[in-house]
Amino acid sequence: MIWRRWTWRGTTWRGIVRRSLAPRSVARRRWVAASGVLLAALAVAGYVVVPSLAHFAGGTSPTMPDDAHVAVPTFGERGSDVLAYQDGDTFTMTFPLVNDGWLPVTVRDVLLSDGPRPLVRVTSVTSHGTPLPVTVPAGETRRVELTVRFDNCRYYHEREMQVISGAVVDGSVFGRDLRTTAGFEHDLVVSSPMIASCPDRTLRRDDDVRR
C-alpha cells in the first residue's frame, strides 16, 4: 500500500488533523484539572462536616442509687434529679448512649461537666464493664457506667448549684475529634453544701477560685 502526502493550499492533511485535535486536547486537560480540584474541595468539605453528622439521642434517664439523689418533678422546666452532695462519697451512674446519627462514633471519655472543678467529678468510665474507648455504630446503643465522686465544694459558696442537662461525650469520627452532648430527660442538680459539711472551705471566698 502506498501512502500519499496530500496537501491543500500548502498545508498537509496531517497538519490539518493535528490542528483540529489540539483544542480538544487542551479542553480535556482543563476538564481533568477542574475535576481534580472539585474532588479535592469536596473531600475537604466532607472532612470538615464529618463531626456534625455524629449525634447521640437525648431524653435518657440515668440510673443511680436511691441514696444518691432525690427526684423533684416540679423543680425546673423538665423536672430535676437533685443529687445529695456528701463530700468524698462515690456512686455509680449508668445510662445508654444512643447513636442516632449517620456515622459510627468512637467514644473516648464521658463527663458530667466540661467546666473546671465540677461538684460531681467522673473518676472512671466503662461500657458494659470494659474500659473506654468504645465504638458506637450508627443506629446502635452502648450502655456506659460512670464512677462519680462528690468533690470540689471548697471552690463553691453555699448558695451555688450546678445544673447538668446531659453528659459530655468526647470521641472521634473517622479520625476527627468531636465533643457532643447526650441530653438527659431531667436535669441533674447539685447544690453546694454549707461550710460545716465542706472540708477545707474557708470563710474568704477568694481563697479558692475555680479556673
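Structure report, in brief. The model shown is predicted, which means the values in this text are computed figures rather than measured ones.

Quick look at the sheet that holds strand 12 (residues 176-191)
And then number 1: One open sheet holds the 6 strands; their spatial order is 3-4-12-11-6-9, and the pairing between them is mixed. Two strands lie at the open edges of the sheet, namely strand 3 (69-72) and strand 9 (134-136), each paired on one side alone. Between one strand axis and the next, the sheet turns through 45° on average, direction left out of account.
And then number 2: With 12 bridges joining them, strand 11 (residues 161-173) and strand 12 adopt antiparallel strand pairing. Each bridged residue has a counterpart across the sheet, and for V169 the counterpart in strand 12 is T180.

Digging into the pattern of salt bridges
And then number 1: Under the defined criterion, the tally for this structure stands at 8 salt bridges.
And then number 2: When the shortest N-O distance is used, the salt bridge between D151 and R121 registers 2.9 Å. One end of the pair, D151, is in the loop between strand 10 (141-150) and strand 11; the other, R121, is in strand 7 (residues 120-127), with 30 residues separating them in the sequence.
And then number 3: For D151, a relative accessible area of 18% puts it in the buried group.
And then number 4: Put simply, R201 and E158 hold a salt bridge, and the shortest N to O gap is 3.8 Å.

Notes on the packing of aromatic side chains
And then number 1: Tallying each qualifying case throughout the model produces 3 aromatic pairs.
And then number 2: Both rings, one in F91 and one in F150, keep their centres 5.4 Å apart while their planes meet at 40°; by these two values the pair is tilted. Within this pair, whereas F91 is found in strand 5 (residues 90-98), its partner F150 is found in strand 10, the two being separated by 59 residues in sequence.
And then number 3: Taken together through their ring pairs, the aromatic side chains of Y85, F91 and F150 make up a single cluster.
And then number 4: Positioned above the aromatic ring of Y155 is the side chain of R117, whose terminal nitrogen or guanidinium carbon lies 4.2 Å from the ring centre.

Notes on the pairing of strand 6 (residues 105-111)
And then number 1: The sheet contact formed by strand 6 and strand 9 spans 3 bridges and is antiparallel. Within strand 9, the residue paired with V105 across the bridge is V136.
And then number 2: Alignment of strand 6 against strand 11, held across 5 bridges, turns out to be antiparallel. Its bridge partner lying in strand 11, D109 is registered against D170.

Quick notes on the rules
Residues numbered from 1 in each chain as written. Predicted model: local features only at pLDDT ≥ 70, side-chain atom pairs only at ≥ 80, totals over all residues. Heavy atoms only, no water. Pairing = 2+ DSSP bridges. Helix = DSSP H or I, 4+ residues; strand = E, 2+ residues; numbered from the N terminus. Axes fitted to C-alpha atoms, helices over the stretch in contact; angles between N-to-C directions. Salt bridge = Lys/Arg side-chain N within 4 Å of Asp/Glu carboxyl O. Buried < 20%, exposed > 50% of the residue type's maximum accessible area, 1.4 Å probe, protein only. Phe/Tyr/Trp six-rings, centres within 6.5 Å; stacked < 30°, edge-to-face > 60°. Lys NZ or Arg CZ within 6 Å of the ring centre and 35° of its normal.

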